[in-house]
Amino acid sequence: MTQLNPRQKEAVLYIDGPCLVLAGAGSGKTSVITRKIAYLIEQCDIPARHIAALTFTNKAAREMKERASKLVKGSASRGLTVSTFHNLGLNIIRREHKSLGFKPGFSIFDSEDARSLLKDLMMKDGDLDSDHLDLVQHQISNWKNDLIIPARALSVAQSPGEQAIALIYQRYNQALRAYNAVDFDDLILIPVELFQTNAEVLQRWQRKIRYLLVDEYQDTNSSQYLLVQLIVGNRGALTVVGDDDQSIYAWRGARPENMSLLKQDYPSLRVIKLEQNYRSTSRILRVANHLIANNPHDFDKALWSEMGLGDPIRVLRCKNEDAEAERVATEILTQRLRKQYKFRDFAILYRGNHQARLLEMKLQQHQIPYKISGGSSFFAKTEIKDVMAYLRLIVNPDDDNAFLRIINTPRRQIGTSTLEALGGYASERHISLFAALDELGLQSRIPEKNLERLQRFAHWIKQVTRNCGGDRPVDAIREMLNDIDYEGWLHQNSASSKAAEKRMENVFYLVESLQKTIDKNSSDDDEGEESRIEDAVAKLVLRDMMERQEEEDLSDQVQLMTLHASKGLEFPHVFMVGMEEELLPHRNSIEDNNIEEERRLTYVGITRAQRTLTMTLAGKRKQFGEMSETTPSRFLDELPVDDVEWEGFGEQSPEKNLAKGEETLANLLNLFD
Ligand code: ATP
Ligand code: MG
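No experiment lies behind these values; they were computed from the predicted model shown.

**Side note on the UniProt feature "binding site: ATP" (unreviewed entry) in the chain**
Right, on to step 1. Taking the numbering used here, the UniProt-annotated feature "binding site: ATP" (unreviewed entry) corresponds to Ala 23, Gly 24, Ala 25, Gly 26, Ser 27, Gly 28, Lys 29, Thr 30 and Arg 279. The largest pairwise C-alpha distance within this set of annotated residues, which runs over 257 residues, is 13.4 Å, so the set is compact in three dimensions.
Right, on to step 2. Looking at where Lys 29 falls in the secondary structure, it is placed in helix 2 (residues 29–42).
Right, on to step 3. For Lys 29, a relative accessible area of 10% corresponds to the buried category.
Right, on to step 4. Beyond its immediate stretch of four places on either side in the chain, Lys 29 contacts Val 21, Ala 23, Gly 24, Val 241, Gly 242, Asp 243, Gln 246 and Leu 274.

Shown next as structure tokens:
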């Protein structure tokens, strides 16, 4: 306890009621959570299996669990729940699937699955064309996050348009039920509804989770907050930590006002503020504070640090996007050589994933090892999607998406017209494609030969499913892959045999992960429940959805990620690229007048840096296939001049805004590289 400052200590020791730690970046909020977990286990004798800590990304959850386990002696931290909200939701649904009316092995639809289902429904409906797909998906997600069920959405719909979306929402939920599936938002919504309607189940979970801690609380949405409230009940065994200035998920339904609501909902709430930052130099903090002061504030926070003044922040304006990426790469190389930094000490942060491509190219050219978090996913690889679809179908035969993905992978000579006839039959009877295969009525619709192929497939899947029910489900999966000669299929469908081998390696890796997940499930399960392949597949699917290659990698690599993905993390040297209007702030946010959230995102980026911060921008950037002039981000004007070194702007820093003509001239005069 000696390393904590007095306020942190207070937050750790206070367990008599609900506690909110409200503090700026790098002030040790997450550290309070991990310390408090250790304190609860070691000093308050609460067994680890009765403590749950929640956060938003798998990476953050994993780090937190690691930090907590290190603080606790021996194996006392076994059974501790440190997970994402969605993972907890999944566990609740898994355990309670019977009372919820789900068959074991229910599927989790990712955004792509949900999209294709919605598209189908909208095509059938006719009132909405598929141009509105994004809008509809977004609206349904908002409704779910705000706990609005279809009936309510229908009754409050104001216009025929809203009415139509609400109707699709209703059908969409019905279809999910029919497929024995849930979507991402359901992972929170369904447990909340269950807890609200079933006191017995709620009490069971309240007995299980005796103390709850929440990190990054400012990013909870309405349903997540309600889940927290339900679990905590009137016991007040709750600690949440957050920073309203780091709220960057409003577009996904997050409600930063949940911070102020807490005070209303829990009048006895103890609010603790932390002001010392242990992460960054004073310069970096000054720049961050100065920028965020442009947002209106409910809570005032003044961060200070003892890490020394540090180097000025550098803002480098490069000729064009190519020069920008090149500059970042060479900066990394020279700084590494001169100052003996490691590659992993550097992070490059950007607003959108598309910005990574050029950076990647340059890093490769300079042979700089790097790792992208959250970009193209392991689980987005075709071979992984194929095998996952097999797994999904085995654990949930009603998963039509999975069925359609693999019915001809590898080829089984089942044509589109056969599949259409099958689909028509299934939807008339409101059953899944796989269930339809058992029905005699199909004979009149599908020619005998084709029907035979389908039924052979069904028979085989059932056999595999039975094998998976045995002691060694993963062996059954390996056998299945042999049966279909998936390796041969990869060789036929890859550019080279080397590529095919690489893809098969990925498949082996997936199968190993499945084995590990099953092993882990059986050792984690405090209820001694036998772990099944269903649970392991559900976990993998969820990991796929959230993690997208978040896997830990300790080797020496430069880290690339979006600003959003960087939240909660820290790096010695940070590059923030693309500091231009329309990129940061993002064009959509400018249109929607949502600049404050973009400013918070910039604040998050700045406060990731421990020692140095470099911002870059390109004078010209390709947009819609054409090179066009860019305007420096308005946030650059909001930095304190004395703490910033400008390069590539000529004599003038950008806050002395240049008239348009002059700016072009200035650009021409300042092509520095
Ligand atoms: P963010 O808002 O970015 O999530 P945070 O408030 O959660 O930041 P932490 O990540 O917990 O901050 O801590 C930031 C850094 O400060 C970490 O490296 C942590 O180990 C260190 N730290 C926290 N508290 C102390 C302390 N009392 N003494 C020394 N170092 C500390
Ligand atoms: Mg944190």
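**As for the pattern of salt bridges**
Right, on to step 1. According to the stated counting rule, one finds 41 salt bridges in the structure shown.
Right, on to step 2. Glu 257 is paired through a salt bridge with Arg 255; the nearest N and O atoms lie 3.8 Å apart.
Right, on to step 3. Among the residues examined, Glu 257 registers a relative accessible area of 39% and is labelled partly exposed.
Right, on to step 4. Owing to a relative accessible area of 29%, Arg 255 belongs among the partly exposed residues under this scheme.
Right, on to step 5. Its salt-bridge partner being Asp 386, residue Arg 405 comes within 3.0 Å of it at the nearest N-O pair. Here the residue Arg 405 occupies a position in helix 18 (residues 400–406), and Asp 386 occupies one in helix 17 (residues 382–395), the gap between them amounting to 19 residues.
Right, on to step 6. Accessibility expressed as a relative area gives 4% for Asp 386, which makes it buried.

**Details of the packing of aromatic side chains**
Right, on to step 1. Counted by the stated rule, this structure contains 13 aromatic pairs.
Right, on to step 2. Ring centres of Trp 143 and Tyr 169 lie 5.4 Å apart, and the angle between their planes is 15 degrees; on these two criteria the pair is classed as stacked. On the criterion of sequence distance, the pair formed by Trp 143 in helix 7 (residues 133–145) and Tyr 169 in helix 9 (residues 160–178) is long-range, its members being 26 residues apart. We note that Trp 143, like Tyr 169, is buried.

**Digging into the confidence of the model for the chain**
Right, on to step 1. Looking at the chain as a whole, the pLDDT averages 87, with 92% of positions reaching at least 70.
Right, on to step 2. For the chain, the element scoring lowest by mean pLDDT is helix 28 (residues 660–669), at 39; strand 6 (residues 211–214) scores highest, at 98.
Right, on to step 3. Contacts of residues 548–552 to residues separated by more than four positions or lying in other chains number 21 contacts, the stretch itself having pLDDT below 50.
Right, on to step 4. Counting interchain partners and residues more than four positions distant, the pLDDT-below-50 stretch residues 655–673 has 24 contacts.
Right, on to step 5. Scoring the predicted complex yields pTM 0.80 and, for the interface, ipTM 0.99.

**Side note on the site of ligand 1**
Right, on to step 1. Taken together, 20 residues are adjacent to ligand 1, and Lys 29, Thr 30, Ser 31, Glu 570 and Arg 608 come closest.
Right, on to step 2. Between an oxygen atom of ligand 1 and a main-chain N or O atom of Gly 26, the distance comes to 2.9 Å.
Right, on to step 3. Here Gly 28 contributes a backbone N or O atom positioned 3.0 Å from an oxygen atom of ligand 1.
Right, on to step 4. Burial of ligand 1 by the protein chains amounts to 81% of its free accessible area of 640 Å².
Right, on to step 5. Counting residues per element, the shell around ligand 1 draws most heavily on helix 2, at three residues.
Right, on to step 6. When residues of the shell around ligand 1 are assigned to domains, at least three map to each of domain 1 (4–91 + 187–273) and domain 3 (302–368 + 554–668).

**Quick word on the nonpolar core**
Right, on to step 1. Phe 195, Leu 212, Phe 403, Leu 422 and Leu 514 are the most contacted members of the largest nonpolar core, which totals 97 residues.
Right, on to step 2. In terms of domain composition, this core takes at least three residues from each of domain 1 (4–91 + 187–273) and domain 4 (377–546).
Right, on to step 3. Not counting residues within four places of it along the chain, the set of residues in contact with Phe 195 comprises Ile 92, Val 201, Leu 202, Trp 205, Leu 227, Leu 230 and Ile 231.
Right, on to step 4. If you look at the next biggest cluster of nonpolar residues, it comprises 38 residues, including Ile 248, Met 576, Ile 595 and Trp 646.

**A look at the domain arrangement of the chain**
Frequently, the measure chosen for interface size is the accessible area removed from exposure when the parts meet.
Right, on to step 1. When the domains of the chain are assigned, the result is domain 1 (4–91 + 187–273), domain 2 (108–178), domain 3 (302–368 + 554–668) and domain 4 (377–546).
Right, on to step 2. The straight-line distance from the C-alpha centre of domain 1 to that of domain 4 is 37 Å.
Right, on to step 3. At the interface, 11 residues of domain 1 touch seven residues of domain 4.
Right, on to step 4. Both sides of the domain 1 and domain 4 interface together cover about 770 Å² of buried area, and 60% of this is carbon and sulfur.
Right, on to step 5. Between domain 1 and domain 4 we count zero salt bridges in total.
Right, on to step 6. The tally of links between domain 1 and domain 4 comes to zero residue pairs in polar contact (both at pLDDT 80 or more).
Right, on to step 7. Among the residues making up the side of domain 1 that touches domain 4, the classes are represented as three nonpolar, five polar and three charged.

**Considerations on the side chain of Asp 185**
Right, on to step 1. Its place among the elements puts Asp 185 in the loop between strand 5 (181–183) and helix 10 (186–197).
Right, on to step 2. Look at Asp 185: it is buried, it has no salt bridge, and the nearest opposite charge is Lys 144 at 6.0 Å.
Right, on to step 3. Those residues in contact with Asp 185 that sit more than four places away from it in its chain are Ser 141, Lys 144 and Asn 145.

**Section: the sheet that holds strand 7 (residues 238–242)**
Right, on to step 1. Spatial ordering of the open sheet is given by 3-2-6-7-1-8, a layout of six strands whose pairing is parallel. With one partner strand each, in any of the chains shown, strand 3 (81–84) and strand 8 (270–274) form the two edges of the open sheet. Across the sheet, the mean angle from the axis of one strand to that of its neighbour is 15 degrees, orientation sign disregarded.
Right, on to step 2. Pairing geometry for strand 6 and strand 7, over three bridges, is parallel. Pairing of Leu 212 across the sheet is with Leu 238, part of strand 7.
Right, on to step 3. Here helix 3 (residues 58–71) sits on the sheet and contacts strand 2 (51–55) and strand 3; the angle it forms with strand 3, its principal contact strand, is near 165 degrees.
Right, on to step 4. Packed on one face of the sheet, helix 12 (residues 222–232) meets strand 6 and strand 7 and runs near 160 degrees to strand 6.

**So, helix 10**
Right, on to step 1. Taking 1.5 Å of rise per residue, the 12 residues of helix 10 would be expected to cover 16 Å, and the 16 Å separating its terminal C-alpha atoms lies within 8% of that figure.
Right, on to step 2. Turning to helix 10, its buried residues are Asp 186, Leu 187, Ile 188, Leu 189, Ile 190, Pro 191, Val 192, Leu 194 and Phe 195.

**Notes on the pairing of strand 7**
Right, on to step 1. Of all five residues in strand 7, five are buried, a share of seventy percent or more.
Right, on to step 2. Going residue by residue along strand 7, you find Leu 238, Val 240 and Gly 242 tucked away on one face and Thr 239 and Val 241 tucked away on the opposite face as well.
Right, on to step 3. Direction of pairing for strand 1 (residues 19–23) relative to strand 7: parallel, over a ladder of four bridges. Counterpart to Leu 22 in the pairing with strand 7 is Gly 242.
Right, on to step 4. A crossover links strand 6 with its parallel partner strand 7, the connecting element being helix 12, and its sense is right-handed.

**Some points on the packing of helix 1 (residues 6–13) against helix 2**
Right, on to step 1. Closest axis-to-axis distance for the helix 1/helix 2 pair is 9 Å, and the angle between their directions is 45 degrees. Viewed along their axes, helix 1 and helix 2 adopt a mutual orientation that is oblique. By crossing handedness, the relation of helix 1 to helix 2 is classed as right-handed. Only Val 32, Arg 35, Lys 36 and Tyr 39 of helix 2 make contact with helix 1, whose side of the interface consists of Gln 8, Ala 11, Val 12 and Leu 13.
Right, on to step 2. Of the residues contributing to the contact of helix 1 with helix 2, the split by class is five nonpolar, one polar and two charged.

Rules used throughout
- Residues numbered from 1 in each chain as written.
- Chains lettered and ligands numbered in written order.
- Predicted model: local features only at pLDDT ≥ 70, side-chain atom pairs only at ≥ 80, totals over all residues.
- Heavy atoms only, no water.
- UniProt positions renumbered as here; feature names shortened; annotations may be inferred.
- Helix = DSSP H or I, 4+ residues; strand = E, 2+ residues; numbered from the N terminus.
- Buried < 20%, exposed > 50% of the residue type's maximum accessible area, 1.4 Å probe, protein only.
- Contact = heavy atoms within 4.5 Å.
- Salt bridge = Lys/Arg side-chain N within 4 Å of Asp/Glu carboxyl O.
- Phe/Tyr/Trp six-rings, centres within 6.5 Å; stacked < 30°, edge-to-face > 60°.
- pLDDT = per-residue confidence, 0-100.
- Near = heavy atom within 4 Å.
- Polar contact = N/O pair within 3.5 Å; in protein donor to acceptor, adjacent residues only side chain to side chain.
- Areas by Shrake-Rupley, 256 points an atom, 1.4 Å probe, with all protein chains shown as cover.
- Domains from an automatic or database assignment.
- Core = buried A, V, L, I, M, F, W, Y, C linked by side-chain atoms within 4.5 Å.
- Buried area = accessible area lost by both parts, 1.4 Å probe.
- Nonpolar A, V, L, I, M, F, W, Y, C, P; charged D, E, K, R; others polar.
- Lys, Arg positive; Asp, Glu negative; His and termini not counted.
- Pairing = 2+ DSSP bridges.
- Axes fitted to C-alpha atoms, helices over the stretch in contact; angles between N-to-C directions.
- Expected span 1.5 Å × (residues − 1).
- Right-handed = clockwise from strand over helix to strand, strands pointing away.
- Parallel < 35°, antiparallel > 145°, perpendicular 65-115°, else oblique.
- Left-handed = near helix turned anticlockwise from the far one by under 90°.

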